[in-house]
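Secondary and tertiary structure notes
So the chains spell out like this:
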Amino acid sequence: MRNVLYLLLVSLLMSCAGQKTKYSVEDVPDPKKNGGGYISNPDHLLSDGTVGSLNEKLSALDKSGKAQVAMVLLKSIGENEPTDFAHKLFNYWKIGDTATNNGLLVLLVEDAHRLVFETGKGLEGEMPDVICFRIQQDYMIPYIKNGNYDQAFGEGLKSVSAQLYSGNYAFDKDIQPEVEDRSLMHEDTRQQSEPQGLVAAPAAPAEITTDPNEAEAAMPTGMSPPESIAAPESFVDRLSPAIDYSKTGDFSGSAFFAGFLWLALSAAMMSVFFGKRRKQKKGEDAMPVKMKDMPNDFLRPGLAGLFLIHATAIVALAYLFFKKGWTINFLTVFVGYYILWVLFIHLAVLVIFIRAKKALGDKDSHEQWQSYARTAHKLRTAKYIFPLPFLWFYLAGLKRRMDRLRNEPHDCPNCSHPLHKLAEKDEDVYLKKEQVIEEDLMAVDYDVWKCDTCDYKLVLDYTNVRSAMSECPHCSYISLECKQSVTKKRATTREAGWGVTTYACAICSYKHDYRFVIPRISESSSSSSSSSSSSSSSSSWGGGSSGGGGASSSW
Ligand SMILES: [Zn+2]
Ligand SMILES: [Zn+2]
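Because the structure is a prediction, the values reported are computed rather than measured.

Right, let's get into the packing of aromatic side chains. Considering all chains together, one arrives at seven aromatic pairs under this definition. The interplanar angle of 10° and the centroid separation of 5.5 Å between the aromatic rings of Trp 93 and Trp 541 together place this pair among those described as stacked. Taken together, the positions of Trp 93 in helix H3 (residues 82-93) and Trp 541 in the loop between strand S10 (511-518) and strand S11 (546-554) put the pair 448 residues apart, joining distant regions of the chain. No difference in accessibility class separates Trp 93 from Trp 541, as the two residues are buried. Its guanidinium or amino end placed over the ring of Tyr 462, Arg 406 lies 4.0 Å from that ring's centre, counting from NZ or CZ. Positioned above the aromatic ring of Trp 498, the side-chain terminus of Arg 515 is 4.2 Å from the ring centre.

Binding of the zinc ion (ligand 1) to the protein goes through Cys 412 (SG), Cys 415 (SG), Cys 451 (SG) and Cys 454 (SG), at separations of 2.2 to 2.3 Å. Taken together, the four donor atoms coordinating the zinc ion (ligand 1) span angles of 103 to 121° at the metal, a pattern that classifies the geometry as tetrahedral. Mapped onto the polypeptide sequence, the residues donating to the zinc ion (ligand 1) form the spacing pattern C-x2-C-x35-C-x2-C. Residue Cys 412 is found in the loop between helix H15 (389-407) and strand S5 (420-421), and its partner Cys 454 is found in the loop between strand S6 (444-450) and strand S7 (457-463); the two are separated by 42 residues along the sequence.

A separate point is the sheet that holds strand S2 (residues 68-74). Sheet strands line up and pair through hydrogen bonds in the backbone, either parallel or antiparallel. Strands sit in the order S1-S2-S3-S4-S11 across an open sheet of five strands; the sheet is mixed. Unpaired on one side and paired on the other, strand S1 (39-40) and S11 mark the two borders of the sheet. Where S2 lies against strand S3 (residues 103-109), seven bridges are found, and the strand directions are parallel. Across the sheet, Leu 73 pairs through a bridge with Leu 108, a residue of S3. Across the face of the sheet, H3 comes into contact with S1, S2, S3, strand S4 (114-120) and S11 while running at roughly 40° to S4.

Let us look at the environment of Glu 79. Mapping Glu 79 onto the fold places it in the loop between S2 and H3. For Glu 79, a relative accessible area of 82% corresponds to the exposed category. Sequence spacing of Glu 79 and Ala 112 is 33 residues, and the spatial spacing of their C-alpha atoms is 9.0 Å.

Cut-offs and rules
Residues numbered from 1 in each chain as written. Chains lettered and ligands numbered in written order. Predicted model: local features only at pLDDT ≥ 70, side-chain atom pairs only at ≥ 80, totals over all residues. Heavy atoms only, no water. Phe/Tyr/Trp six-rings, centres within 6.5 Å; stacked < 30°, edge-to-face > 60°. Helix = DSSP H or I, 4+ residues; strand = E, 2+ residues; numbered from the N terminus. Buried < 20%, exposed > 50% of the residue type's maximum accessible area, 1.4 Å probe, protein only. Lys NZ or Arg CZ within 6 Å of the ring centre and 35° of its normal. Donors = N, O, S within 2.8 Å, 3.2 Å for Na, K, Ca; no water. Tetrahedral: all angles 85-135°; square planar, octahedral: opposite > 155°, others 65-115°. Pairing = 2+ DSSP bridges. Contact = heavy atoms within 4.5 Å. Axes fitted to C-alpha atoms, helices over the stretch in contact; angles between N-to-C directions.

Following this line, the structure appears as structure tokens:
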């Protein structure tokens, strides 16, 4: 009898002890009900310091409306299947905004050796399963294997933010332009991230007016021109039937078609390759300019160049036709234009470098870098529209120059010893809280140079020219983000419409509505109004539900 009692007591104690670490969905401590935050860490697998800093970043991410991320680290969930557990927990807590379903649950189960991402429906486009898996494999699992959960979750969050803000999860590697280049993105992802004005705007490059003032008036300030987005597709669309057309042997018709094709392509090239002059309105109601839309210093609208190319082409073709008796067909016109473009782009690149040399001769390497970064950013888009090997070559040269400028050693102004550049992970101590947020938003990358002899430090900012963030007029950090865009009055074929874009700062409390104009509709295109809302409640999750997407890794 005593033995039985003893056994009973022991088994009771064991089951109590067991229950303490084996969690079921219902008894995972909900951070929202335990003083706020986004992290459930009942077994203290993360250090308190990490929980604090991660929570700050997660809060910024949530307020930006990008994603509501919950992180859960448990020693054990018993016999439960981790992916199934994650799915149930996601829906039990209702992570993510009700409307946008932007929830992400990151679950680590120590004894099962499993790391699971569960995404809400609204996040599946930006964080497809394969990206979730890559983030786990590249940025989390290696640290988890070494038992360094703090670093695993820190790096994992950086990678998730990078994916959400710039579409490139590999934040520490050289950014692949393919991922960022919006022209290559899927149709509906682009529409989501773009204000209405662009959807409603005319899409055919052929409609571009040659009068710069007229073209600018039709365009809402602070937005990219519609042709820069529509151009690559319309080029492909026009090219494929054109090639078939040439096979029919209709000489004059196909030659005319080739000319028209080049006219459209040239216009698209000009607007992208040479950027645009933006008349910047000053004052409260000027729409904030996104970093990626900032004008660059050396590329100008090349209207003269456009004229020059077509004039030269016509003269050359006329010469060949009348004097040499050539047959002018699709091929002659196409090849002729191509050669002219090749020559012209060489000339343009030369002009850019002369302008840059003149303007940047007396500037320090930091300022030079910023200018070059903008120019490279504009040129980068052009290389897809007009993929000529030498444009890639020029860009590679520009990149090498920028790397040199950025890593050029500095000397300490106090003791003239050489400064040394700190590694990315050691920088945060020397940066202001706001600067760390800017880095997390992928808006600015800071380099910190430190003197070993005296205590001098030099902090240099490198703006991310691909960022969709704008400078906050209140706190001046690059932390102003477009929150939502609502069409108030639709554009009709008779008059222009307008809408309101709300911008909010992730650092200070600045929030402002900017009015934008939607150009008059020329034909059947119409805009659909969409609005997004961000959740910032702290006592509960947003009310989202899981879309079943995500990934899971073992170690
Ligand atoms: Zn020094
Ligand atoms: Zn601000």
